[in-house]
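In case you want the letters, here they are:
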Amino acid sequence: MAERGKGRFFVQAVCFLLGFFVLFAALSRLLNDKMGLKYDGEFFSGGQQYQVLFFGSSHMFNGVLPLQLYRDYGIAGYNLGMTNEYPSTTYWRMQDALNRQTPDLVVVDVYRALAGDKIGQTDSDLAFLHNSMDSMPLSLTKVQALADILDAKPWDMDQLFNFLFPLAQFHSRYNALTEDDYHPYLMETKGAMPLRVHHAGSALPLDQVPAGQTAPLDSAVGEAYLRRMVELCAEKEIPILLLVLPYQAPAGELARLNSIAALADEYPNASYLNLLYADVVDPATDFADAEGHLNSAGAAKVTDFLGRWICDRYSLADCRQDPAFDGWQQNLLAVQRQQVNSLAGADRVTALMLLVGQDLPFTVQLSAAALEDPATLSLLETLGVPEETLAAGGTLCWQSPGAPAQFGSGDSILVFDPQTGAELGRAEQLG
């Protein structure tokens, strides 16, 4: 009887533990914040192999569009950048990603290497760390990562626990739950977050600090983690590109960023590319906010430049010919539709900005007064309107190749399906 009682207790204990873990997993899935899951969930669960992995802060998150790289260059990439991500976090996310993937190239946004801290200690900084780490599956690497990033000792388990098991942080979110918590929507963008807003920026002070002028990086922590990233890639025989993406860089940061070129020169597997000096974007049209995060037009320009740069230097297979990537075309169409849906209610400059890089036929009708705006002219030229047409004066009525001769009322933009010619969206009464 005693043996039978022990057996029953063992079965009950196992059932209790199984039930506890099932409930814990279900509540974690429901209550945890979904930011990381939305953008990185496909990377961790999709089983697809990628040729290029992109890492870094929000400059990368907002500035490089993998679906455009696929459409225009056949490059299969995933953007693992995340908002406010410090190099310490990027290094460990790279470590985890390279345990799962063997890409042909790694690209790292180096902007946050200017920061003097391993990670900021504000509530906001720690919340952003959740965005970067919560989607990473639990593993020894994740434990090592959080212990390092947070400078945690074995007895600091309370601090680690909230990040290893985010439910401890988010268990009280019941009143904030939405439909998206019950049915999480994984973004089709392969990790990128295109910003569909326009902010008129200022010209960068490049004349004050030439590209060859350097100053100490002045961040021992940032430099240390950059070196660890380069050396990690070297161990795995993977080339790495240290990238400066366009932003509203003050003069004091330009020379410090220029100094990273010398760091890259120390390693055979490293390259350095500073797009601040490459005349890729127009500050008047291509930024989304005062800090200079790229909007979708700026991201499209940067992505096109980067695609050509990568193809000129690396021999990558064209993934458009690989059936394993057939679903990417549907992802591209879905993101294009989201872009076109944003036209409704947009002002003139924002509406034109939304068309850049979309490869969709459109018509545009604008008054002579609208054509006096420099930002409007710049975007029209980017979209392919001939200079002589813009210089002709009077009302502009122009069709891009493949667009039907249909125009809206007043100043307007109409966008069409390239296959059927059906109207996809419009913006009218543009101010």
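Structure: see above.
Residues numbered from 1 in each chain as written. Predicted model: local features only at pLDDT ≥ 70, side-chain atom pairs only at ≥ 80, totals over all residues. Heavy atoms only, no water.

**Student:** Explain the pattern of salt bridges here, please?
**Tutor:** When their charged atoms lie close together, side chains carrying opposite charge are able to pair. Inspection of the entire model under this criterion finds 16 salt bridges. Among the salt bridges present, the one from Arg-93 reaches Asp-40, with a minimum N-O distance of 2.7 Å. Of this pair, Arg-93 sits in helix H5 (residues 87–100) while Asp-40 sits in helix H2 (residues 35–45); the two residues are 53 residues apart in sequence, bridging distant segments of the chain. An identical accessibility class is assigned to Arg-93 and Asp-40; each is buried. With a shortest N-O distance of 2.7 Å, Arg-426 and Glu-423 are connected by a salt bridge. For Arg-426, a relative accessible area of 31% puts it in the partly exposed group. (Salt bridge = Lys/Arg side-chain N within 4 Å of Asp/Glu carboxyl O. Helix = DSSP H or I, 4+ residues; strand = E, 2+ residues; numbered from the N terminus. Buried < 20%, exposed > 50% of the residue type's maximum accessible area, 1.4 Å probe, protein only.)

**Student:** Can you help me understand helix H15 (residues 327–341) in this one?
**Tutor:** The periodicity of an α-helix, 3.6 residues per turn, causes residues three or four positions apart to be oriented the same way. Taking 1.5 Å of rise per residue, 15 residues should cover 21 Å, and H15 covers 22 Å from first to last C-alpha, within 8% of that figure. Listing the buried residues of H15 in full gives Trp-328, Asn-331, Leu-332, Val-335, Gln-336, Gln-339 and Val-340. Contact partners of the buried residues in H15: helix H4 (66–73), strand S2 (77–79), helix H14 (296–313), helix H16 (348–355), strand S8 (412–416) and strand S9 (423–428). (Expected span 1.5 Å × (residues − 1). Contact = heavy atoms within 4.5 Å.)

**Student:** Please clarify how unusual backbone geometry should be interpreted in this entry.
**Tutor:** Keep in mind that most residues, glycine aside, have a negative phi and that most peptide bonds are trans. One non-glycine residue, Lys-190, adopts positive backbone phi at about 55 degrees. Among the structural elements, Lys-190 can be located in the loop between helix H10 (179–182) and helix H11 (220–235). For Lys-190, a relative accessible area of 1% translates into the label buried.

**Student:** Any chance you could explain the sheet that holds strand S7 (residues 396–399) here in plain terms?
**Tutor:** Whether parallel or antiparallel, the strands of a sheet pair through hydrogen bonds between backbone atoms. The strand order S7-S6-S8-S9 describes an open sheet built from 4 strands, whose pairing is antiparallel. Pairing within the sheet leaves two strands with one partner each, and these edge strands are S7 and S9. Adjacent strand axes in the sheet meet at a mean angle of 5 degrees, parallel and antiparallel pairs treated alike. Two strands pair when backbone bridges link them, and strand S6 (residues 362–366) and S8 are joined in this way by 4 bridges, in the antiparallel orientation. (Pairing = 2+ DSSP bridges. Axes fitted to C-alpha atoms, helices over the stretch in contact; angles between N-to-C directions.)

**Student:** Teacher, can you tell me more about the pairing of S9 here?
**Tutor:** Summarising the sheet, S8 and S9 pair through 5 bridges and their orientation is antiparallel. Its bridge partner lying in S9, Val-415 is registered against Gly-425. What sits between S8 and S9 in their antiparallel hairpin is a turn of 6 residues, with Gly-421 showing a positive phi close to 80 degrees.

**Student:** How should empty space enclosed by the protein be read in this particular structure?
**Tutor:** Regions of empty space are outlined by a rolling probe, equal in size to a water molecule, passed over the atoms. For the structure on display, the rule yields 3 cavities of 30 Å³ or more. The computed volume of the largest cavity comes to approximately 180 Å³. Considering the residues around the largest cavity, the lining is formed by 16 residues, among which Leu-65, Leu-67, Gln-68, Val-335 and Gln-358 are closest to the centre. Elements supplying a minimum of two residues to the lining of the largest cavity: H4 and H15. Its residues assigned to classes, the lining of the largest cavity shows 7 nonpolar, 7 polar and 2 charged. (1 Å grid on protein atoms, 1.4 Å probe; cavity = no way out; pocket = protein on both sides within 12 Å on 5 of 7 lines; lining within 4 Å. Points joined across faces, edges and corners; volume = space filled by probe spheres on them. Nonpolar A, V, L, I, M, F, W, Y, C, P; charged D, E, K, R; others polar.)

**Student:** Whenever I open this one, the nonpolar core confuses me. Can you help?
**Tutor:** As a rule of thumb, soluble globular proteins bury nonpolar side chains together. Leu-53, Met-94, Val-106, Ile-240 and Leu-242 are the most contacted members of the largest nonpolar core, which totals 60 residues. The element best represented in this core is H11, accounting for 6 residues. If sequence neighbours within four positions are ignored, Leu-242 has contacts with Val-108, Val-110, Leu-226, Val-230, Ile-260, Leu-263, Ala-264, Ser-271, Tyr-272 and Leu-273. (Core = buried A, V, L, I, M, F, W, Y, C linked by side-chain atoms within 4.5 Å.)

**Student:** What is the right way to read the layout of surface pockets from this model?
**Tutor:** Empty space within the second largest pocket amounts to approximately 380 Å³. For the lining of the second largest pocket, the secondary-structure elements that each account for two or more residues are H4 and H14. Grouping the amino acids of the lining of the second largest pocket by side-chain chemistry returns 11 nonpolar, 5 polar and 6 charged.

**Student:** So what exactly am I meant to see when it comes to the packing of H4 against H14 here?
**Tutor:** Pairs of packed helices are described in terms of their axes, by the angle between the two and the distance that separates them. Direction vectors running N to C along H4 and H14 enclose 55 degrees, while the axes themselves pass 9 Å from each other. Relative to H14, the element H4 is oriented oblique. Seen from above, H4 lies across H14 with right-handed handedness. Together, Gln-68, Leu-69 and Tyr-73 of H4 and Ala-300, Thr-303, Asp-304, Gly-307, Arg-308 and Cys-311 of H14 make up the contact between the two elements. Of the residues assigned to the contact of H4 with H14, the class counts are 4 nonpolar, 3 polar and 2 charged. (Parallel < 35°, antiparallel > 145°, perpendicular 65-115°, else oblique. Left-handed = near helix turned anticlockwise from the far one by under 90°.)

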